[in-house]
Amino acid sequence: MSEPTHPAVALALGLLPVLVVLGLFVLLDSYKLVRPRSVALYVLVGCCGSCVSLAVNLLLVREASFPIPVVARYIAPPLEEALKAAFIVYLLTSRRVAFLVDAAISGFAVGAGFAAVENVFYFVFLPAQSLPLWVVRGFGTAIMHGTVTAIMAVTAQRLREQRGPGAHWVYLPGWALAAVLHSIFNHFFLAPDLSTLLLLVALPLLFLLIFRMGERGTRVWLGTGFDTDAELLQMIHSGKVSSSRVGEYLGTLKASFSPTVVADMLCLLRLRLELSIRAKGILLMRQAAFEVPPDPRIGERFAEVGYLERSIGRTGLLALGPVLHMSDRDLWQLNMLRGRGER
């Protein structure tokens, strides 16, 4: 029988691997789409979700007399992945996540926090365990929690991008896939050490693919969007916008809205373009390892945006929709600017 592991070694093996991997992913994020404060918040959310899950699982085992293998294999996986997925859905619907890379990092961070509390629980209640168990829990189970949540987040983000924000079913395939992978891991079809080794081999390949696809997509979006926004903004400033398709469309709105409202629409479009260009410029500077200081006037600009939106009204904003970019990424960049200190 193996000798019990020293408590400090056991705790380190249970916590450090997943947190180190998370830190590496944050460093690999060349556009700094997810800020360190946000990563810390997501880890904390995962910790809270793990507390809820542990309470429910203990209740099922102790009060409802469910066998531990049944809970571990068939009840805990969908429950735990639903708790983690709920926060990912919030991040996506609130446009705090809009790219493959930030979806993967955010999902892994939530899973890392979830695994950290779970391993601390095992450390407290099962302190005299052998070294192989803590290796499996730290390098296997903990990494699994982060990985399957990252898969859920990436799947949901990709489907949401393809099908649009109105398709509410886009979150279900990722959740189901995460729950199935979690359940398979808990069945131990392979020996725990082999499962851990397989996970450690597959994880870098999976995230390398995600980061390559994500950064390529971000680069294309930045290049195309920056040029388009700059060209349209130049036309507005030079007074030539009326000869463009955007100007022609705004001209058609004169029959339905007063000249004052149409003028406010043009002002709102100009402001949104300026903010969009600044946001894309910040990402490009981050990619080049430069940090752009916050704009002290950004609050005033968003206050003006709010005033114009109220002046135009809901109907006017709907009419302006075809020229006022409202995709997840367009709204994400506004959130990024509005809360520079939060991201």
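For the structure, see preceding data.
Residues numbered from 1 in each chain as written. Predicted model: local features only at pLDDT ≥ 70, side-chain atom pairs only at ≥ 80, totals over all residues. Heavy atoms only, no water.

**Q** I'd like a rundown of the overall build of the chain, residues and numbers included.
**A** Helices and strands together make up the secondary structure of the chain, namely 11 helices and zero strands. Tracing the chain from N to C terminus, the helices and strands come up as α-α-α-α-α-α-α-α-α-α-α. Structurally, the chain occupies a C-alpha span of about 85 × 45 × 30 Å along its principal axes. When burial is assessed residue by residue, the chain has 49% of its 343 residues classed as buried. In the chain, the proportion of contacts linking residues at least 24 apart, taken out of those at least 6 apart, comes to 81%. Approximately 17000 Å² of the chain is accessible, and the part contributed by carbon and sulfur atoms is 68%. (Helix = DSSP H or I, 4+ residues; strand = E, 2+ residues; numbered from the N terminus. Buried < 20%, exposed > 50% of the residue type's maximum accessible area, 1.4 Å probe, protein only. Contact = heavy atoms within 4.5 Å. Areas by Shrake-Rupley, 256 points an atom, 1.4 Å probe, with all protein chains shown as cover.)

**Q** Give a description of the packing of aromatic side chains that names residues and reports values.
**A** Both the distance between ring centres and the angle between the ring planes are used here to describe each pair of aromatic rings. Within the structure shown, the criterion is met by 13 aromatic pairs. Note on Phe25 and Phe207: the rings are 4.1 Å apart at their centroids and 10° apart in plane angle, and the pair reads as stacked. You can see Phe25 sitting in helix H1 (residues 7-28) and its partner Phe207 sitting in helix H7 (residues 192-238), a full 182 residues away along the chain. Assigned by exposure class, Phe25 and Phe207 land together as buried. Taken together, the aromatic side chains of Phe25, Phe108, Phe207 and Phe211 make up a single cluster linked through ring pairs. Lying across the ring of Phe114, Lys84 places its NZ or CZ 5.0 Å from the centre. The residue whose ring lies beneath Arg137 is Tyr122, and the NZ or CZ to ring-centre distance is 4.1 Å. (Phe/Tyr/Trp six-rings, centres within 6.5 Å; stacked < 30°, edge-to-face > 60°. Lys NZ or Arg CZ within 6 Å of the ring centre and 35° of its normal.)

**Q** Describe the nonpolar core, naming the residues involved and giving the relevant values.
**A** In globular proteins that are soluble, nonpolar side chains generally tend to be buried together. One finds Ile105 and Phe108 to be the most contacted residues of the largest nonpolar core, which totals 89 residues. Of the residues forming this core, the biggest block, 12 residues, is contributed by helix H9 (residues 259-287). (Core = buried A, V, L, I, M, F, W, Y, C linked by side-chain atoms within 4.5 Å.)

**Q** Describe the layout of surface pockets, with residues and values.
**A** A volume near 840 Å³ is recorded for the largest pocket. Taken together, 28 residues make up the lining of the largest pocket; nearest its centre are Ile68, Ala72, Glu118, Tyr122 and Arg137. Elements with a minimum of two residues in the lining of the largest pocket: helix H2 (36-62), helix H3 (68-93), helix H4 (100-125), helix H5 (131-163) and helix H6 (171-187). Of the residues in the lining of the largest pocket, the class split is 18 nonpolar, five polar and five charged. (1 Å grid on protein atoms, 1.4 Å probe; cavity = no way out; pocket = protein on both sides within 12 Å on 5 of 7 lines; lining within 4 Å. Points joined across faces, edges and corners; volume = space filled by probe spheres on them. Nonpolar A, V, L, I, M, F, W, Y, C, P; charged D, E, K, R; others polar.)

**Q** Explain unusual backbone geometry to me, using residue names and the numbers behind them.
**A** The backbone of Ser65 sits at a positive phi, close to 60°, despite the residue not being glycine. Considering the arrangement of structural elements, one finds Ser65 in the loop between H2 and H3. Classification of Ser65 by relative accessible area gives exposed; the value is 58%. Of note, the phi angle at Ala289 is positive, near 70°, even though the residue is not glycine. Mapping Ala289 onto the fold places it in the loop between H9 and helix H10 (298-320).

**Q** Help me get a handle on the side chain of Thr196, residues and values and all.
**A** Within the secondary structure, Thr196 sits in helix H7. Since its relative accessible area comes to 5%, Thr196 is described here as buried. Other than its neighbours up to four places away in sequence, Thr196 contacts Val136, Phe139 and Gly140.

**Q** Describe the state of the cysteines, with residues and values.
**A** Two cysteines whose sulfur atoms are joined by a covalent bond form what is called a disulfide. For the structure shown, the criterion picks out zero disulfides. No disulfide involves Cys48; its sulfur sits 6.3 Å from the nearest other cysteine sulfur, which is in Cys51. Judged by relative accessible area, Cys51 falls into the partly exposed class, the value being 46%. (Disulfide = S-S within 2.5 Å.)

**Q** If you had to explain the pattern of salt bridges to someone new, which residues and values would you point to?
**A** Overall, the coordinates contain eight salt bridges when judged by the stated rule. Where Lys84 meets Glu81, a salt bridge forms, and the shortest distance between an N and an O atom there is 2.9 Å. Within this pair, Lys84 and its partner Glu81 are both found in helix H3, separated by three residues, close to a single helical turn. Residue Glu81 is classed as buried on the basis of its relative accessible area of 2%. Salt bridges sharing common partners tie together Arg95, Arg160 and Asp328. (Salt bridge = Lys/Arg side-chain N within 4 Å of Asp/Glu carboxyl O.)

**Q** Please give an account of a nonpolar patch on the surface that cites residues and values.
**A** On the surface, a nonpolar cluster with roughly 1000 Å² of combined accessible area is contributed by Leu177, Val180, Leu181, Ile184, Phe189, Leu190, Leu194, Leu197, Leu198, Val201 and Leu205. Here the element with the most residues in the nonpolar patch is H7; it accounts for five residues. The residue Ile184 is located in helix H6 in this model. (Patch = residues over 30% accessible without salt bridge, like charges linked within 9 Å, V, L, I, M, F, W, Y side chains within 5 Å.)

**Q** Which residues make up the packing of H9 against H10, and what values go with them?
**A** The geometry of H9 relative to H10 is characterised by a closest axis approach of 9 Å and an angle of 130° between their N-to-C directions. Taken together, the axes of H9 and H10 lie oblique to each other. Of the two possible hands of crossing, H9 and H10 adopt the one that is left-handed. When H9 is examined against H10, the residues Val261, Asp264, Met265, Cys267, Leu268, Arg270, Leu271, Arg272, Glu274 and Leu275 are found in contact with a partner set consisting of Ile298, Arg301, Phe302, Glu304, Val305, Leu308, Glu309, Ser311, Ile312, Gly316, Leu317 and Leu320. (Axes fitted to C-alpha atoms, helices over the stretch in contact; angles between N-to-C directions. Parallel < 35°, antiparallel > 145°, perpendicular 65-115°, else oblique. Left-handed = near helix turned anticlockwise from the far one by under 90°.)

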